[in-house]
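Coordinate inspection notes
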Amino acid sequence: MQDTSVMRPTVPAAPAGDPLIVMEAVNKWYGTYHALRDVNLSVGRGEKIVLCGPSGSGKSTLIRCINQLETIKSGSITVDGTRLDDSSRSVDAVRSEVGMVFQSFNLFPHMTVLQNCTLAPMRVRGIAAAQAEATARRYLERVRIAEHAHKYPAQLSGGQQQRVAIARALCMEPKVMLFDEPTSALDPEMVKEVLDTMVGLARDGMTMVCVTHEMGFARQVADRVIFMAEGEILEQADPETFFRSPRHPRARSFLGEILAHH
Amino acid sequence: MGNSFGLGELGFLIQGLKWTVLLAAIAFIGGGIGGLGVALARTSTSWGLRRAMAGYIAVFQGTPLLMQLFVIYYGLGLIGLTLPAWLAVAIAFTLHASAFLGEIWRGAIEALPKGQFEAARALGLHYVPQMRDVILPQALRIALPATVGFLVQLIKGTSLAAIVGFIELARAGQIVSNQTYAPLFVFTVVGAIYFALCWPLSLYGMHIENRISRTAR
């Protein structure tokens, strides 16, 4: 069979330090707009990365390429040893290992919280209903929303919905979680409950790539802060260094604007 | 002289009504299956499939149902394919309903927030569960009022089947009217029967429309 996923060595557990996500020379265009310019990024197992930058800088585009919600023009993306090519097989393999949390929650409104959480494990992994439900209840417990399992998304607050969305992604037991501005659509009083959930997840060792403007969160959990502008990675550093002495002038002005609001 | 309107005449109209209901049911079921296919093809990633379906819809939405019945009944006869009237009519109505329902449902699928598709894809759901479990249940709910509205149109549209010699309710009314010389009375009865069939459906359509707009946020 001519398939790259067959040719790759199937190493079940890669040694620690071996990167989980590798992006090499990734370029992405929207028509004539160059959205990602030669992006190189590698994410280690267990690493927590915060992506920041002005709007339109390509942060969301970058993480959406990791699970192929966006396709790239050139370069390569490898997730847990699976290189993303055009084959639907590689895309399926990657998507089932990568959890994603969206700005607008995107819960399925016609399903209960529990059904939202059991759908993918049953349909994608073929897990039996009872077991999927047990797993779902465990993760709903973890995001402290188990008592709402029977409700519909519309009956929950924004913060609760976003925690359900996190639980839904966790039910697939992903190797990495992508967060695309998870608190940007929330009322201020609900931001904390979602960030607390994310901090808890980070403490448990989840690999995380987060697009967020929550600099407090970045300081608290990030191993690395990456600053992007106009589709390029301009700077990356540990949060202490980045916040204390950003080197790139654009990073400096961005931080100035962001921190002025806090 | 003609007969007066009695139980026999009423029975004849009821016979016609049976055909009307049966035709509408066939058209609706056939059109429901066909329309689902059309809606999925229209929202697929294949350019060729989308174009082909757009062409089919343009033809069936752009020509009168009467003409479609004609072409399928007599046209197929011309090329040597003689179908029983009911089958020709069933095919014509199915093709007609598929085009309209397909377009109604396509609109509903496209009206869903993009995030619903993205969340389903991000979870690794394949096309079939994506559509069956996530997209279609929501889209069909949005499309329910328009779907019921089309069903009402379809019931009334079945009267056109008379053109190929089908004795459904309207044609039965015409025959009884000719026999009794009481067209005003007969067609009032026929109209009342159509009304009794369609009005509850319209009411139901309005009811679900209200319910949906109440729960919509």
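Details of the structure are given in the entry above.
Now for a quick tour of the structure.

Cut-off values and rules
Residues numbered from 1 in each chain as written. Chains lettered and ligands numbered in written order. Predicted model: local features only at pLDDT ≥ 70, side-chain atom pairs only at ≥ 80, totals over all residues. Heavy atoms only, no water. Salt bridge = Lys/Arg side-chain N within 4 Å of Asp/Glu carboxyl O. Helix = DSSP H or I, 4+ residues; strand = E, 2+ residues; numbered from the N terminus. Buried < 20%, exposed > 50% of the residue type's maximum accessible area, 1.4 Å probe, protein only. Phe/Tyr/Trp six-rings, centres within 6.5 Å; stacked < 30°, edge-to-face > 60°. Lys NZ or Arg CZ within 6 Å of the ring centre and 35° of its normal. Patch = residues over 30% accessible without salt bridge, like charges linked within 9 Å, V, L, I, M, F, W, Y side chains within 5 Å. Areas by Shrake-Rupley, 256 points an atom, 1.4 Å probe, with all protein chains shown as cover. Expected span 1.5 Å × (residues − 1). Contact = heavy atoms within 4.5 Å.

**Description of the pattern of salt bridges**
Residue and element names in this part refer to chain A. Evaluated as defined, the whole model comprises 21 salt bridges over all chains. A salt bridge links lysine 28 to glutamate 70; the nearest nitrogen and oxygen atoms lie 3.6 Å apart. Here glutamate 70 lies in the loop between α2 (59-66) and β4 (74-79) and lysine 28 lies in strand β1 (residues 19-30), a separation of 42 residues in the sequence. Comparing lysine 28 with glutamate 70 shows no difference in burial state: the two are buried. Connected through shared salt-bridge partners, Asp18, Arg45, Asp80, Glu97 and Lys175 make up one network.

**Things to note about the packing of aromatic side chains**
Applying the stated criterion across every chain yields a total of 10 aromatic pairs over all chains. For the pair phenylalanine 70 of chain B and tyrosine 74 of chain B, a centre-to-centre distance of 5.4 Å together with 40° between the ring planes defines the contact as tilted. Residue phenylalanine 70 of chain B and its partner tyrosine 74 of chain B are both found in helix α3 (residues 65-78); the two are separated by 4 residues, about one turn of the helix. Pairing phenylalanine 195 of chain B with tryptophan 199 of chain B gives two aromatic rings, centres 5.6 Å apart and planes at 10°, and the pair type is stacked. Taken together, the residues phenylalanine 195 of chain B and tryptophan 199 of chain B, both in helix α8 (residues 183-215) and 4 residues apart, mark about one turn of the helix. Classification of tryptophan 199 of chain B as partly exposed rests on a relative accessible area of 40%. Site record: aromatic cluster; members linked through ring pairs are Phe227, Phe242, Phe243 and Phe254 of chain A. Against the face of tyrosine 139 of chain A rests arginine 138 of chain A, its NZ or CZ located 5.2 Å from the ring centre.

**As for a nonpolar patch on the surface**
Judged by side-chain polarity, Leu66, Met67, Phe70, Val71, Tyr74 and Ile163 of chain B come together as a nonpolar surface patch covering roughly 490 Å² of accessible area. When its relative accessible area of 40% is taken as the criterion, tyrosine 74 of chain B is described as partly exposed.

**Quick word on helix α7 (residues 188-203) of chain A**
Residue and element names in this part refer to chain A. Spanning 16 residues, α7 covers 23 Å between terminal C-alpha atoms, matching the ideal 22 Å at 1.5 Å per step. Among all positions of α7, only Met190, Val191, Glu193, Val194, Leu195, Thr197, Met198, Val199, Leu201 and Ala202 are buried. Residues of α7 that are buried make contact with β3 (48-52), α5 (129-142), α6 (158-170), β7 (176-180), β8 (207-211) and α8 (215-221). A positive backbone phi angle near 95° is found at glycine 205, which sits one or two residues after α7.

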